[in-house]
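The residues making up each chain are set out below.
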Protein chains: 2
Amino acid sequence: MENTLVKSLYAQATHDEDVSVEVTGWLKTLRSSKKISFLEINDGSCIKNVQVIMENGLENYEEIKKAPIYTTLKVVGTVVDTPKAKQPFEIHATEIEVLGNSDSDYPLQKKHHTPEFLREQAHLRPRTNTFYAVFRIRSLAAFAIHEFLQKNNFVYVNTPLITSSDTEGAGEMFKVTTLDLNNVPKNEEGKVDSTKDFFKQPTNLTVSGQLNAEAFALAFRDVYTFGPAFRAEDSHTTRHAAEFWMVEPEMAFANLQDVINVSEDMLKYVINYLLENASDEIDFLNQNVDQELRARLEATRDADFAQITYTEAIDKLLAADQEFENKVEWGIDLQTEHERYLSEKVYQKPVFITDYPRDIKAFYMRENEDHKTVAAVDLLVPGIGELIGGSQREERLAKLNEKIKEFNLDPEEYKWYLELRKYGETEHSGFGIGFERLLMYVTGVENIRDVIPFPRTPGNASF
Amino acid sequence: MENTLVKSLYAQATHDEDVSVEVTGWLKTLRSSKKISFLEINDGSCIKNVQVIMENGLENYEEIKKAPIYTTLKVVGTVVDTPKAKQPFEIHATEIEVLGNSDSDYPLQKKHHTPEFLREQAHLRPRTNTFYAVFRIRSLAAFAIHEFLQKNNFVYVNTPLITSSDTEGAGEMFKVTTLDLNNVPKNEEGKVDSTKDFFKQPTNLTVSGQLNAEAFALAFRDVYTFGPAFRAEDSHTTRHAAEFWMVEPEMAFANLQDVINVSEDMLKYVINYLLENASDEIDFLNQNVDQELRARLEATRDADFAQITYTEAIDKLLAADQEFENKVEWGIDLQTEHERYLSEKVYQKPVFITDYPRDIKAFYMRENEDHKTVAAVDLLVPGIGELIGGSQREERLAKLNEKIKEFNLDPEEYKWYLELRKYGETEHSGFGIGFERLLMYVTGVENIRDVIPFPRTPGNASF
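The rules behind each value
- Along each chain, residue indices are assigned from 1 in the same order as the chain's sequence is written.
- The naming scheme follows written order: chains are lettered A onward, ligands numbered 1 onward.
- For a predicted model such as this one, the threshold for reporting local features is a pLDDT of at least 70, and the threshold for listing and counting side-chain atom pairs is 80 or more; totals across whole chains, interfaces and linings nevertheless cover every residue.
- As a convention, hydrogens and water are excluded, and side-chain values are obtained from all of the structure's heavy atoms.
- Fitting of the copies onto one another was done by least squares over C-alpha atoms, counting residues only where both copies have pLDDT of at least 70.
- We call two residues in contact when some of their heavy atoms are within 4.5 Å.
- Take the accessible area each of two parts loses on contact, using a 1.4 Å probe, and add the two losses: that sum is the buried area.
- Any Lys or Arg side-chain nitrogen located within 4 Å of an Asp or Glu carboxyl oxygen qualifies as a salt bridge.
- A run of H or I in DSSP counts as a helix once it spans at least four residues, and a run of E counts as a strand once it spans at least two, with each numbered from the N terminus.
- By this definition, two strands are paired if DSSP reports at least two bridges between them.
- Here the axes come from fitting lines to C-alpha atoms, over the contacting stretch only for helices, and the angles between their N-to-C directions go from 0 to 180 degrees.
- Here a polar contact is taken to be a pair of N or O atoms separated by no more than 3.5 Å, where protein atoms must pair a possible hydrogen donor with a possible acceptor and residues adjacent in sequence count only if both atoms sit in side chains.
- Side-chain rings of Phe, Tyr and Trp, where Trp is taken by its six-membered ring, are said to pair if the distance between their centres is within 6.5 Å; with planes under 30 degrees apart they count as stacked, over 60 as edge-to-face, and otherwise as tilted.
- Summary of the burial criterion: residues with accessible area below 20% of their type's maximum are buried, those above 50% are exposed, and those between are partly exposed, where the area comes from a 1.4 Å probe applied to protein chains only.
- Throughout this description, the term charge over a ring refers to an Arg CZ or Lys NZ atom that lies within 6 Å of the ring centre and within 35 degrees of the ring normal.
- By construction, the arc corresponds to the directions joining the helix axis to the C-beta atoms.
- An angle counts as roughly parallel when it lies under 35 degrees, as roughly antiparallel when it exceeds 145, as roughly perpendicular when it falls between 65 and 115, and as oblique in every other case.
- Left-handed describes a crossing whose near helix is turned anticlockwise from the far helix by less than a right angle; the clockwise case is right-handed.
- In this count, Pro and Cys sit with the nonpolar residues alongside Ala, Val, Leu, Ile, Met, Phe, Trp and Tyr, while Asp, Glu, Lys and Arg are called charged and the others, Gly among them, polar.
- Residue ranges for the domains trace back to a domain assignment, done automatically or taken from a database.

1. Observations regarding the relation of the copies chain A and chain B
1) Next: Of the transformation placing chain A onto chain B, the axial shift is 0.0 Å and the rotation is 180°, giving an RMSD of 0.0 Å. The symmetry that links the two subunits is that of a two-fold axis. Minimal C-alpha separation from the rotation axis in chain A is found for Val176(A), amounting to 2.5 Å.
2) Next: Most of the interface of chain A is mirrored in chain B: 100% of its interface residues are interface residues there too.

2. Section: the interface of chain A and chain B
1) Next: Taken together, the 111 residues of chain A in the interface contact 111 residues of chain B.
2) Next: Here chain A packs against chain B, burying approximately 9200 Å² in sum over the two surfaces, 61% of which is carbon and sulfur.
3) Next: Across the chain A-chain B interface, the total number found is four salt bridges.
4) Next: Among the salt bridges present, the one from Arg221(A) reaches Asp43(B), with a minimum N-O distance of 3.7 Å.
5) Next: The element contributing the most residues to the side of chain A that touches chain B is helix 4 (residues 129-151) of chain A, with twelve residues.

3. Describing unusual backbone geometry
1) Next: Phi is positive for Asp355(A), which is not a glycine, with a value near 60°.
2) Next: Mapped onto the elements of the fold, Asp355(A) is located in strand 13 (residues 351-357).
3) Next: Look at Arg221(B): it is not a glycine, yet its phi comes out positive at around 75°.
4) Next: With respect to the helices, strands and loops of the structure, Arg221(B) is situated in the loop between helix 5 (210-220) and strand 10 (222-230).

4. Side note on the sheet that holds strand 1 (residues 20-32) of chain A
All names here are of chain A.
1) Next: What the five strands build is a closed barrel, ordered 1-2-3-5-4; its pairing is mixed. In this sheet, adjacent strand axes meet at a mean angle of 55° when their direction is disregarded.
2) Next: Of the pairings in the sheet, the one linking strand 4 (residues 72-81) to strand 5 (residues 89-100) comprises ten bridges and is antiparallel in character. Counterpart to Thr-72 in the pairing with strand 5 is Gly-100.

5. A short note on the pairing of strand 5 (residues 89-100) of chain B
1) Next: Inspection of the sheet shows strand 3 (residues 50-55) of chain B paired to strand 5 of chain B by two bridges, in the parallel sense. Within the sheet, the bridge partner assigned to Ile53(B) lies in strand 5 of chain B and is His92(B).

6. Some details on the side chain of Ser391(A)
All names here are of chain A.
1) Next: On the secondary structure map, Ser-391 appears in strand 15 (residues 385-392).
2) Next: Polar side-chain contacts of Ser-391 include one of 2.7 Å to the side chain of Arg-393.
3) Next: Setting aside residues up to four positions removed in sequence, Ser-391 forms contacts with Leu-256, Val-259, Tyr-364, Met-365, Ala-375, Ala-376, Ser-429 and Gly-430.

7. So, the sheet that holds strand 4 (residues 72-81) of chain B
Through backbone hydrogen bonds, the strands of a sheet pair up, either in parallel or in antiparallel fashion.
All names here are of chain B.
1) Next: Sheet architecture is closed into a barrel: five strands sit in the order 1-2-3-5-4, paired in mixed fashion. Sheet twist, expressed as the average angle between the axes of neighbouring strands with direction ignored, equals 55°.
2) Next: Summarising the sheet, strand 1 (residues 20-32) and strand 2 (residues 36-42) pair through six bridges and their orientation is antiparallel. Within strand 2, the residue paired with Ser-32 across the bridge is Ser-37.

8. Here's the deal with the packing of aromatic side chains
1) Next: Going through the model one piece at a time under the given rule, you end up with 65 aromatic pairs over all chains.
2) Next: Between Trp416(A) and Phe454(B), the ring centres sit 6.3 Å apart and the planes meet at 45°, which makes this aromatic pair tilted. In this pair, Trp416(A) is assigned in helix 12 (residues 415-422) and Phe454(B) in the segment after helix 13 (435-443), connecting two distinct chains.
3) Next: Residue class for Phe454(B) comes out buried when judged on its relative accessible area of 2%.
4) Next: The positively charged end of Lys372(A) is found above the aromatic ring belonging to Trp330(A), 4.9 Å away from the centroid.

9. Some points on helix 11 (residues 397-406) of chain B
Residue and element names in this part refer to chain B.
1) Next: Along helix 11, the positions that sit buried rather than exposed are Lys-399, Leu-400, Lys-403 and Ile-404. Each buried residue of helix 11 sits inside an arc of 135° when the element is viewed along its axis, so together they form one side. Set apart from the buried face of helix 11 by more than 90 degrees, the exposed residues are Ala-398 and Lys-405.
2) Next: Positive backbone phi, at 55°, marks Asn-408, one or two positions downstream of helix 11.

10. Concerning helix 5 (residues 210-220) of chain A
1) Next: Across the eleven residues of helix 5 of chain A, eleven count as buried, placing the element largely inside the fold.
2) Next: Of all the residues in helix 5 of chain A, the buried ones are Gln210(A), Leu211(A), Asn212(A), Ala213(A), Glu214(A), Ala215(A), Phe216(A), Ala217(A), Leu218(A), Ala219(A) and Phe220(A).

11. Considering the packing of helix 5 of chain A against helix 12 of chain A
All names here are of chain A.
1) Next: Close contact between helix 5 and helix 12 brings their axes to 10 Å; oriented N to C, the two are set at 25°. Regarding the angle of helix 5 to helix 12, the classification is roughly parallel. Between helix 5 and helix 12 the crossing geometry is left-handed. Between helix 5, through Gln-210, Leu-211, Asn-212, Glu-214, Ala-215 and Leu-218, and helix 12, the contact on the second element is made entirely by Trp-416, Tyr-417, Leu-420 and Arg-421.
2) Next: Of the residues contributing to the contact of helix 5 with helix 12, the split by class is six nonpolar, two polar and two charged.

12. Here's the deal with the pairing of strand 10 (residues 222-230) of chain A
All names here are of chain A.
1) Next: Of all nine residues making up strand 10, nine are buried, and the element is well covered by its neighbours.
2) Next: Bridging between strand 6 (residues 155-156) and strand 10 involves two bridges; their strand directions are parallel. The residue bridging Tyr-156 from the neighbouring strand is Tyr-224, located in strand 10.

13. A word on the domain arrangement of chain A
A common way to state how big an interface is: give the accessible area lost once the parts meet.
Residues and elements named next belong to chain A.
1) Next: When its domains are assigned, chain A resolves into domain 1 (4-98) and domain 2 (125-169 + 206-448).
2) Next: Summarising the inter-unit geometry, the C-alpha centres of domain 1 and domain 2 are found 45 Å apart.
3) Next: Listed per partner, the contact involves seven residues of domain 1 and eight residues of domain 2.
4) Next: Carbon and sulfur atoms supply 52% of the area that domain 1 and domain 2 bury against each other, a total of about 670 Å² over both sides.
5) Next: On the surface where domain 1 and domain 2 come into contact, there are one salt bridge.
6) Next: Ionic pairing is found between Lys-48 and Asp-280, a salt bridge with its closest N-O pair at 3.5 Å.

14. A look at the environment of Asp370(B)
Residues and elements named next belong to chain B.
1) Next: The residue Asp-370 is located in the loop between strand 13 (351-357) and strand 14 (373-381) in this model.
2) Next: A residue is classified by how much of its surface remains accessible, and Asp-370, at 41% relative accessible area, is partly exposed.
3) Next: Sequence separation of Asp-370 and Arg-125 is 245 residues, and the distance between their C-alpha atoms is 53 Å.

Below you can see the structure in the form of structure tokens.
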């Protein structure tokens, strides 16, 4: 008999009681009365279980009654609609077979577990409802991003992870090496002899694919990266992981306003896709994790995002009837408290802040006419703070050369990047979204460790 | 005036001469006669250029005539259909403006360049027709894979790249560290003190996400990874890169035949998607790279793939009227010459080989009843050899424990992997596709370095 997915049973408004179906799945709960037992079975195809009614006289009855959680079962039976019950239908079993055993000391018995404990069970936690919901949303959100960008003719480019350069001169990178750490070869000066290493030079894990993506934007016009990035920051916050995923669209013939328009459209597309395709998961999270989740997603989908300059934002912060821990003055980098005040108190919706002071932003951002600010933008959203960061890139070769000198970067290392301008001073712009930060926004989950399947943080590389 | 994409001009069967359009793009060629000049412009939106007619009297005429390749231009004009000409339409310019300069020593002037030279210009090579075609196909193939799997309810899981384990006990991995290589901290025994490292233990870059994906398959039923993997092999062939992308679907309640069916469907889906969405690119590659490309893709899309056991394959190789460099006998690992003989000479189409000797395959593959073979499968395709490898996984806890001992692996390191069985001995199976190998198959490009935007190989981590 062909296997039927529980998801497809839920997709049918009514069911034919004369037709027998076969379902395979895992036992989630079992309770027995004198004559019958109720089994909740999940087959992985959707977050909802199916209730199975097993009568006393069924073959294997005694074996099934003792089956531990996560026993693998095959159930054959008829689907009976139950319009008056909590669940819309149930399966009356005519045959149940144990396909695989489970041990009775299953660590995720039905009770509350702390997130910390569940992180130690990262191999089992996707079997819980909360993580099932989060990781299905992660998958759907990733696909929605691909779909939005591909529909708009963006080309997906896989930029390298192992790199000999350091995108922002930021420093905190992981080294990649095949040298024997017990016996590092040294050169005549007593320093590491990197010519003996795999790449014959020092290499790191990338912090961003942007510069490489720019090369492709100048051939394909609209491109994007969507892949892992790394930061070796010894940071123990709820918002930082050593390994995370980034989406980085990059567009030629596009200015800062295009970044704002495309990123707003993309965010709304993803949210709408989730509302349409992950409604059950959002409902579950709304009930159990963040009671404002659905309302926030719908509001964001329907809002016209606000847009102000950094200078206007500073004015609003100075006029706030609220004390900030970090002093507000023109020139500061906005802190999370400032960002949340603007999006939560002033606008109560997402707000784009544009034209930041040049001195607090990266070298590649395009300088404005005032010589004080650059064409940069951040999107601040309620509950999170910064969700998206973008900029128009400095396409003027002479200006970029100046900036590289001013930022004490090595022009030789950026030779190829400068050549992109030498052979095409094309206006172009791009933005980046930390995928996990987006996921925290669309799930209500507050710790980045709980939106990554197997998170990597200082001291933790298990599984 | 709103910008029009060249792609959308090609999508229209006829054009209205009374309407003015604005196109922005890069100058690819320019030739002048007495009265008019012909400019070929590419705007990145498609592989095809648009021909622009510039008359002698136009403002900026002298400036444009001297413009070097890759000058950024804005063209305003009317689109005139040219049914008798090679190109279906051309733009008669009423205004041309230089938006950005290019230097006259552009290294990719219109002439033949060796692949080796172009690899040194990896930041510029996507601007050539060949690499434009290859990398747009790369993007479309990636999306087709996502679309096929998502339509079939597979959940995308991002498995970790930094890992403390070694999936296949294979060895050749990159180390990831934040230790100072000039001054590696040592413990009392004079060995590396990894407790001082970022993760407080030795870590590597992963070679496969499969084991992690299995954990998710036992919650979501059908899942897949699609991300980077790494091998620190000092290999200088045309088929190996240190950094590459893998697709790894993993399915619960699925056996080896399901792997065969799903992988055949997926491969055909991708090929069909490319034939429908990358027809111009395939035409270009068919003319310039591999004259059998289109025929091969269409044949693969339409073929019923063959399927034989390893034992039958050995018999066919022994009966071959051809000498092999590597001796054929039951128990050997098939070499590329054997794989290509089977797919090119015997079947002339893709062929699945199943049930390989247990001793040449990984510990996690499910042992068959004969105790000599495992439920493994490889897909061999003409021109490439092995394209897909998969297996049914050993779900029986006792058997898996035995195998881990037999393969001299550390049971402690696989504790969580064994627990997946302890709490769910569920039949499950999966397969892996090297994305670049697939790309070589669907583009006809013969060197893996030429299907990766910025390839990493021994001694090369530039850009």
